[in-house]
Amino acid sequence: MTEKRSYHHGDLRRALLAAAADAIAESGPAALSLRDLARRAGVSHAAPAHHFGDKAGLLTALAIEGFNRLADALDKSREQTGSLLESGVAYVRFATENRAHFEVMFQPSLYDRDDPEVVAAGQRAGAALSAGVSTLDEPPSPEDARETELAAWAIVHGFATLWLAGALRDPLGDDAGEAARPVIRRLFD
């Protein structure tokens, strides 16, 4: 006879989001099911639906959490270093350390991209990236700021995506942030 774990403590919403992140890290967001999520968290099959409504609701909550975590990481890096390069390294590290969130955040077809909390969290992350660009020794003119921000985002996001996909065949070490550092420096050349 197998014992069924049951949930008896803490924050159930938090536990469900953590279980969802684990499941997505293992199999990707497409394979996630609320039934499996309930099993992983040791709760009734109805518990995830009670908290999130459906899979899109769950992934919306995960995207909100991800965008806020990314904003926190970028803000912390900027405050500690005042360096766009270090903010870029922080972005790549965020992606590799929060793979499930990262995979969901940038697939808006998976969640409600018009949810006010998603919009606010996404804007907060975007503002943190923009603030990083403002730390350049020679910040871009207001006319060029958006293009510079997009270039910075494309470099760090592209590197992180390639790293996570295992597409970088050259031996770059085990630390994605350090491997990204010379690539990010190209932004300043």
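Worth saying up front: this structure is predicted, and the values here are computed from it rather than measured. Counting from 1, residues in each chain are numbered in the order their sequence is written. Residues qualify for local features only when their pLDDT is at least 70, as the model is predicted, and side-chain atom pairs are given and counted only at 80 or more; totals for whole chains, interfaces and linings, by contrast, use all residues. Note that water and hydrogens are dropped before the side-chain values are worked out from all heavy atoms of the structure.

Student: Quick question: what am I supposed to make of empty space enclosed by the protein here?
Tutor: It is a probe the size of a water molecule, rolled over the atoms, that shows where empty space is left. Here a cavity means grid points, on a 1 Å grid over the protein atoms only, where a 1.4 Å probe fits yet cannot get out; a pocket means an open set of points with protein on both sides within 12 Å along at least five of seven lines; lining residues are those with an atom within 4 Å of a point. Grid points are joined across faces, edges and corners, and a volume is the space filled by probe spheres set on the points. Here the structure, examined in full by the defined rule, presents one cavity of 30 Å³ or more. One number sums up the size of the largest cavity: a volume of about 60 Å³. Surrounding the largest cavity, L84, G88, L129, A152, I155, V156, I184 and L187 form its lining. The way it works is that DSSP assigns letters per residue, a run of H or I at least four long becomes a helix, a run of E at least two long becomes a strand, and they are numbered from the N terminus. Sorting the residues of the lining of the largest cavity by element identifies helix 5 (84-97) and helix 8 (142-165) as the ones contributing at least two each. In terms of residue count, the dominant contributor to the lining of the largest cavity is helix 8 (three residues). Any residue outside Ala, Val, Leu, Ile, Met, Phe, Trp, Tyr, Cys, Pro, Asp, Glu, Lys and Arg is labelled polar, Gly included; the first ten of those are nonpolar and the last four are charged. Each residue belonging to the lining of the largest cavity can be placed in one class, and the counts come to seven nonpolar, one polar and no charged.

Student: Which parts of the structure should I look at to understand the packing of helix 4 (residues 55-81) against helix 5?
Tutor: Describing two packed helices takes the angle between their axes plus the distance from one axis to the other. Axis lines are fitted to C-alpha atoms, over the contacting stretch for helices. Their N-to-C directions set the angle, which ranges from 0 to 180 degrees. With their axes 9 Å apart at the nearest point, helix 4 and helix 5 run at an angle of 150 degrees to one another. Comparing the axis directions of helix 4 and helix 5 gives the class roughly antiparallel. Considering only the axes of helix 4 and helix 5, their crossing is right-handed. Between helix 4 and helix 5, the contacting residues are G66, R69, L70, A73, L74, S77, R78 and T81 on the first element and E86, S87, A90, Y91 and F94 on the second. Relative orientations are named as follows: roughly parallel for angles under 35 degrees, roughly antiparallel for angles over 145 degrees, roughly perpendicular for angles from 65 to 115 degrees, and oblique for any other angle. Two helices that cross are described as forming a left-handed crossing if the nearer one is turned anticlockwise from the farther one by less than a right angle, and a right-handed crossing if clockwise. Contacts are assigned to residue pairs with any non-hydrogen atoms lying within 4.5 Å of each other.

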